[in-house]
Amino acid sequence: MVYTYNREAQDKYSPSSREPFLTLDKDKLFAMDTKKDHQYRLRIMTYWSKAGLFALGAKVHFGVGIDKRSVVCPNMIGDGICPFCQVQAKIRGDKKYEMDSSEVRVKFRYYSNIVNMETLSKGVVVWSYGPQIFFPIKQIMDSGEYGDITHPVEGRDLLIKREIRMGRVVDAVYPAGNPTPIADENWLDQLVNLDTILPEPDIKLVEKLFKSHPWKVYEPTQRFVVPNTVEREQENLAEPAKPSPSIPVSQNQDVSPDSRMDRVKRLEEKLRSSHNLE
Ligand SMILES: [Zn+2]
């Protein structure tokens, strides 16, 4: 039996090069073009769970290790356990290590159920985007001026004008002038449970990538100082053990909405405190 090549199937089952860790069909993932100017009109769909989030946030290291892998940051399940973040905290702000620092820096990604008005026949897809778009959307939601823009009846489309200036992406985000109901009520049955799209961070893999990472200036021999065990134990004694923040990984797992809300809040706070919103 000789089979023939099926390009469509291959495309569908090849992980996206940018976010290969997502457990989501490539078909179902949408990201805006980073190379050309375009105006997008998207409808953010209503909440996929009772937690009431319009976006799932994630921390990601893009292109680390010798083979340039993209991985979910282990700090999402335990503060301070990510080796890349530990080094980054150490060398951040030091001009000498600028290239290394920006290369391994954790990036925030957000995922929302949306319909792209240019690909209506696809129905609901998962949109992957960065903080430069997440925060304007959140401000639109929080302002109270436009109501709940994700509402199926009273919500509004979202317009994003993207311009590429000198290689840099500049986005303007604003709500449509008038509320409109969604064009197809079947979309409500197509919502992706975003609690299932991120794998649990793989600390073993991240450590392996860390060992093989080709630093440009930073020398791994001058390893960051890990607090000694005694100090750590004392810290633990002084503070009652906190449950580590949980990250939902599968449908089977019962996910507390509070822990996810907390996570989103923490992500926001961290983002606000970082100067460089990219
Ligand atoms: Zn990290």
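Rules used throughout
- Residues numbered from 1 in each chain as written.
- Predicted model: local features only at pLDDT ≥ 70, side-chain atom pairs only at ≥ 80, totals over all residues.
- Heavy atoms only, no water.
- Buried < 20%, exposed > 50% of the residue type's maximum accessible area, 1.4 Å probe, protein only.
- Helix = DSSP H or I, 4+ residues; strand = E, 2+ residues; numbered from the N terminus.
- Arc of directions from axis to C-beta.
- Contact = heavy atoms within 4.5 Å.
- Axes fitted to C-alpha atoms, helices over the stretch in contact; angles between N-to-C directions.
- Parallel < 35°, antiparallel > 145°, perpendicular 65-115°, else oblique.
- Polar contact = N/O pair within 3.5 Å; in protein donor to acceptor, adjacent residues only side chain to side chain.
- Core = buried A, V, L, I, M, F, W, Y, C linked by side-chain atoms within 4.5 Å.
- Donors = N, O, S within 2.8 Å, 3.2 Å for Na, K, Ca; no water.
- Tetrahedral: all angles 85-135°; square planar, octahedral: opposite > 155°, others 65-115°.
- Pairing = 2+ DSSP bridges.

**Concerning helix α5 (residues 203–212)**
No. 1: Every buried residue of α5 is listed here: Leu205, Val206, Leu209 and Phe210. Along the axis of α5, the buried positions cluster into a sector of 140°, meaning they face one direction only. Exposed positions of α5 whose direction lies more than 90 degrees from the buried face are Lys204, Lys208 and Lys211.
No. 2: For α5, the secondary structure elements touched by its buried residues are β3 (56–64), β4 (69–72) and α2 (83–91).

**Thoughts on the packing of α2 against α5**
Any two packed helices are characterised by how steeply their axes cross, that is the angle between the axes, and by the distance between the axes.
No. 1: Close contact between α2 and α5 brings their axes to 9 Å; oriented N to C, the two are set at 50°. Considering the angle they form, α2 stands oblique to α5. Two secondary-structure elements touch here, α2 through Pro83, Phe84 and Val87 and α5 through Ile203, Val206, Glu207, Leu209 and Phe210.

**Overview of the environment of Lys107**
No. 1: Relative to the assigned elements, Lys107 resides in strand β5 (residues 107–116).
No. 2: Expressed as a C-alpha distance, the spacing of Lys107 and Val60, which sit 47 residues apart in the sequence, is 5.2 Å.
No. 3: Reaching out from Lys107, the side chain makes a polar contact with the backbone oxygen of Ser102 at a distance of 3.4 Å.

**Let's talk about the side chain of Arg109**
No. 1: Tracing the backbone shows Arg109 in strand β5.
No. 2: Overall, the relative accessible area of 12% leaves Arg109 in the buried class.
No. 3: In terms of polar contacts, Arg109 uses its side chain to reach the side chain of Ser128, at 3.0 Å.
No. 4: If we skip the residues at most four places from it in the chain, Arg109 touches Arg18, Glu19, Leu56, Gly57, Ala58, Val60, Phe62, Ser128, Tyr129 and Gly130.

**Remarks on the nonpolar core**
No. 1: Grouped together as the largest cluster of nonpolar side chains are 40 residues, with contacts concentrated most on Phe84, Trp127, Tyr129, Ile137, Leu158 and Ile160.
No. 2: Put simply, the parts of the chain that give this core at least two residues each are β2 (38–44), α2, β5, β6 (125–129), α4 (131–143), β7 (158–165) and α5.
No. 3: With 6 residues, the single largest contributor to this core is α4.
No. 4: In terms of nonpolar packing, the next biggest core, distinct from the first, is built from 19 residues, Leu29, Val60, Met76 and Tyr111 among them.

**Re the coordination of the zinc ion**
No. 1: Distances from the zinc ion to its protein donors, His61 (NE2), Cys73 (SG), Cys82 (SG) and Cys85 (SG), fall within 2.1 to 2.3 Å.
No. 2: Coordination at the zinc ion is tetrahedral, judged from the 4 donor atoms that bind it and the angles of 101 to 114° they form at the metal.
No. 3: As a motif over one chain, the donors of the zinc ion read H-x11-C-x8-C-x2-C. Residue Cys73 is located in the loop between β4 and α2, and its partner Cys85 is located in helix α2; the two are separated by 12 residues in the primary sequence.
No. 4: Residue Cys73 is classed as buried on the basis of its relative accessible area of 0%.

**Here's the deal with the pairing of β6**
No. 1: For β6, a buried count of 5 out of 5 residues is recorded, marking the element as mostly surrounded by other parts of the structure.
No. 2: Bridge analysis of strand β1 (residues 29–30) against β6 gives 2 bridges, and the strand direction is parallel. Its bridge partner lying in β6, Leu29 is registered against Val126.
No. 3: As paired elements, β5 and β6 share 5 bridges and run antiparallel to each other. The residue of β6 that forms the bridge with Asn113 is Val126.

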